[in-house]
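Below, each chain spelled out in residue letters.
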Amino acid sequence: MKKIIAFAMLLGSLTVTAQKIKPLDVSPMDALSYPLSYKTSDKVVKIIYSRPQLKDRKVEDLAVPGKIWRTGANEATEISFYKDVVFGGKKVKAGTYSLFTIPNEKEWTVILNKDLNVWGAYSYKQENDVLRVKAKVSKNDENVEAFTMAFDKDMNLYMAWGKTLVTLAMSE
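Quick caveat, the model's predicted, so the values are computed rather than measured.

S.K.: What is the right way to look at the pattern of salt bridges in this model?
M.R.: Should their charged atoms come close, side chains of opposite charge can pair. Applying the stated criterion across every chain, the model contains seven salt bridges. Residue Asp30 pairs with Arg51 through a salt bridge whose shortest N-O separation is 3.7 Å. Of this pair, Asp30 sits in strand E1 (residues 29-34) while Arg51 sits in the loop between strand E2 (45-50) and helix H2 (59-62), and the two are 21 residues apart along the sequence. Of the residues examined, Arg51 reaches a relative accessible area of 22% and is grouped as partly exposed. Measuring nitrogen to oxygen at the nearest pair gives 3.7 Å for the salt bridge that ties Lys134 to Glu107. Remark: Glu107 occurs in strand E7 (residues 107-113) and Lys134 occurs in strand E8 (residues 129-151); sequence separation between them is 27 residues. Judged by its relative accessible area of 51%, Lys134 falls in the exposed class. The network of salt bridges with shared partners includes Asp42, Lys83 and Glu172.

See below:
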């Protein structure tokens, strides 16, 4: 009998309230990894980033030339190396880093920084940079609305947005 009363009291104390579910983020998170095949579990690198959209704006308005950029939207992009790699010609140890960039017309500076779980580039500290490398900029044939990152079969990293295509060589 005590169990029935306790159960009835529990039911009486529960109230169901409708939860407000946030709409889809306008800059949704994405992830990419290398090797490319989902069948390969022995990954070398994984990048988690958010994908801002142009929405009739210019890349230069959002990734301002000469200024530090979070390389995406929302939280700073994070890159995890599961093995030591060569990143833009420089050796980097396995680990997780934030990935920032400084866009410019002919090349972008790509930065690995040891600060993690940071929002945007607001608290970026240059003294916490692990390394800086240069990445080549070229014009893309197609207009890419949402900022996109991808690896090719040779582990080169591509960042595309608008008609801008940034290429950074990577290898094991």
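Structure shown, so let's carry the discussion forward.
S.K.: Would you mind going over the side chain of Thr101 with me for this structure?
M.R.: Here Thr101 lies in strand E6 (residues 95-102). For Thr101, a relative accessible area of 0% gives the class buried. There is a polar contact of 3.0 Å between the side chain of Thr101 and the side chain of Thr71. Setting aside residues up to four positions removed in sequence, Thr101 forms contacts with Lys67, Ile68, Trp69, Thr71, Trp108, Thr109, Val110 and Met159.

S.K.: What is the right way to read the sheet that holds E2 from this model?
M.R.: Hydrogen bonds between backbone groups are what pair the strands of a sheet, and the pairing can be parallel or antiparallel. The antiparallel open sheet is built from seven strands, whose spatial order is E1-E2-E3-E6-E7-E8-E9. The sheet is open, and its two edges are formed by E1 and strand E9 (157-168), each paired on a single side. Taking each pair of neighbouring strands and ignoring which way they run, the sheet shows an average axis angle of 30°. Pairing geometry for strand E3 (residues 77-81) and E6, over five bridges, is antiparallel. By the bridge assignment, Glu78 is partnered in E6 with Ser98.

S.K.: Before we go on, may I ask you to explain the pairing of E7 in this structure?
M.R.: A regular strand places its side chains on the two faces of the sheet in alternate fashion. Counting buried residues along E7, six of its seven residues qualify, which places the element largely inside the surrounding structure. Pairing of E6 with E7, which is carried by five bridges, proceeds in the antiparallel orientation. Note that in E7 the partner of Leu99 across the bridge is Leu112. Linking E6 to E7, which pair antiparallel, is a turn of four residues. The sheet contact formed by E7 and E8 spans seven bridges and is antiparallel. Pairing of Ile111 across the sheet is with Arg132, part of E8.

S.K.: What should I look at first to understand the nonpolar core in this one?
M.R.: Most often, soluble globular proteins keep nonpolar side chains buried together rather than apart. Of all hydrophobic cores here, the largest spans 34 residues; its most connected members are Ile47, Ile79, Phe81, Phe87, Leu112 and Met149. Going through the elements one at a time, E1, E2, E3, strand E4 (85-87), E6, E7, E8 and E9 are the ones with two or more residues in this core. If one sorts the elements of this core by residue count, E8 sits on top with seven residues. Among residues more than four places away in sequence, those in contact with Phe87 are Ile79, Phe81, Val92, Leu99, Val110, Leu112, Leu131, Val133, Leu168, Ala169 and Met170. By size, the runner-up hydrophobic cluster in this structure holds seven residues, among which are Ala76, Phe100, Ala121 and Tyr124.

Basis of the calculations
Per chain, residue numbering runs from 1 following the sequence as it is written. Per-residue local features of the predicted model are confined to residues with pLDDT of at least 70, and side-chain atom pairs are confined, for both listing and counting, to 80 or more; whole-chain, interface and lining totals are unaffected and use all residues. Only hydrogens and water are set aside when side-chain values are computed; all heavy atoms of the structure are taken into account. One speaks of a salt bridge when a side-chain nitrogen belonging to Lys or Arg is within 4 Å of a carboxyl oxygen belonging to Asp or Glu. The secondary structure listing takes helices from DSSP runs of H or I that are at least 4 residues long and strands from runs of E that are at least 2 residues long, numbered from the N terminus. Under the scheme applied here, a residue whose accessible area is under 20% of the maximum for its type counts as buried, over 50% as exposed, and between as partly exposed, the area being computed with a 1.4 Å probe on protein chains only. Here a polar contact is taken to be a pair of N or O atoms separated by no more than 3.5 Å, where protein atoms must pair a possible hydrogen donor with a possible acceptor and residues adjacent in sequence count only if both atoms sit in side chains. Only heavy atoms matter for contacts: two residues are in contact if any of them lie within 4.5 Å across the pair. Pairing between strands is defined by DSSP: at least two bridges between them are needed. Axis definition: a line fit to C-alpha positions, over the contact stretch in the case of helices; interaxial angles, taken between N-to-C directions, run 0 to 180 degrees. Buried residues of nine kinds, namely Ala, Val, Leu, Ile, Met, Phe, Trp, Tyr and Cys, make up a nonpolar core once their side-chain atoms join them within 4.5 Å.

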